[in-house]
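Structural characterization, general
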Amino acid sequence: MAAHSATAIVEQLHGAGLSLSLAPAGGLAVAPSSHLTADLRALIRSSKALLIDWLTAANDAPDPPDDPVDWKELAAAYHAHHFN
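Residues numbered from 1 in each chain as written. Predicted model: local features only at pLDDT ≥ 70, side-chain atom pairs only at ≥ 80, totals over all residues. Heavy atoms only, no water.

This brings us to the overall build of the chain. Within the chain, the regular secondary structure consists of 4 helices and 2 strands. The order of helices and strands in the chain, counted from the N terminus, is α-β-β-α-α-α. In the chain, once contacts between residues fewer than 6 apart in sequence are set aside, the share between residues at least 24 apart is 49%. Roughly 6100 Å² of accessible area belongs to the chain as shown, and the carbon and sulfur atoms make up 58% of that amount. (Helix = DSSP H or I, 4+ residues; strand = E, 2+ residues; numbered from the N terminus. Contact = heavy atoms within 4.5 Å. Areas by Shrake-Rupley, 256 points an atom, 1.4 Å probe, with all protein chains shown as cover.)

If you want it as structure tokens, here you go:
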């Protein structure tokens, strides 16, 4: 199997109606299990460590600013950069 990026795998799993989370014991939880096919199970097993690292990094990411003014300033800077 060709190496996949964690983001592509997560998108594929979400497209199949699955959600991923870190299990309390440090594993990977996938729900609902009724949506899992043999191919999806194989994909998850072969990419388990990659998915756990991806979820851990996503959970460790800083929260967006709470202050609406900060958010608006960030959005304005992004739009000025992107559209100019």
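There is more to say after this.
Two elements in contact, helix α1 (residues 6-15) and helix α2 (residues 38-46), have axes whose closest approach is 11 Å; the angle formed by their N-to-C orientations is 150°. As the angle between them shows, α1 and α2 are arranged roughly antiparallel. For the crossing formed where α1 meets α2, the hand is left-handed. From α1, Ile-9, Gln-12 and Leu-13 reach across to α2, where they touch Leu-40, Leu-43 and Ile-44. Tallied by class, the residues present in the contact of α1 with α2 amount to 5 nonpolar, 1 polar and no charged. (Axes fitted to C-alpha atoms, helices over the stretch in contact; angles between N-to-C directions. Parallel < 35°, antiparallel > 145°, perpendicular 65-115°, else oblique. Left-handed = near helix turned anticlockwise from the far one by under 90°. Nonpolar A, V, L, I, M, F, W, Y, C, P; charged D, E, K, R; others polar.)

The next subject is the packing of α1 against helix α3 (residues 48-60). Axis separation between α1 and α3 bottoms out at 10 Å; the angle between their running directions is 95°. By the angle between their directions, the pair α1 and α3 is classed as roughly perpendicular. Facing Ala-6, Thr-7, Ile-9, Val-10 and Leu-13 of α1, the residues of α3 in contact are Leu-50, Leu-51 and Trp-54. Split into classes, the residues belonging to the contact of α1 with α3 amount to 7 nonpolar, 1 polar and no charged.

Next up on the list: the nonpolar core. Counting 14 residues, the largest nonpolar core has Leu-13, Leu-20, Leu-28, Val-30 and Leu-51 as the members making the most contacts within it. At the level of elements, α1, β2 (28-31), α2 and α3 are the ones that each hand at least two residues to this core. Setting aside its immediate chain neighbours within four residues, Leu-51 contacts Ala-6, Ile-9, Val-10, Leu-13, Leu-20, Leu-28 and Ile-44. (Core = buried A, V, L, I, M, F, W, Y, C linked by side-chain atoms within 4.5 Å. Buried < 20%, exposed > 50% of the residue type's maximum accessible area, 1.4 Å probe, protein only.)

The next subject is the confidence of the model for the chain. Looking at the chain, pLDDT values average 84 and 86% of them are 70 or higher. Mean pLDDT across the elements of the chain bottoms out in helix α4 (residues 68-83) (77) and peaks in α2 (94). (pLDDT = per-residue confidence, 0-100.)

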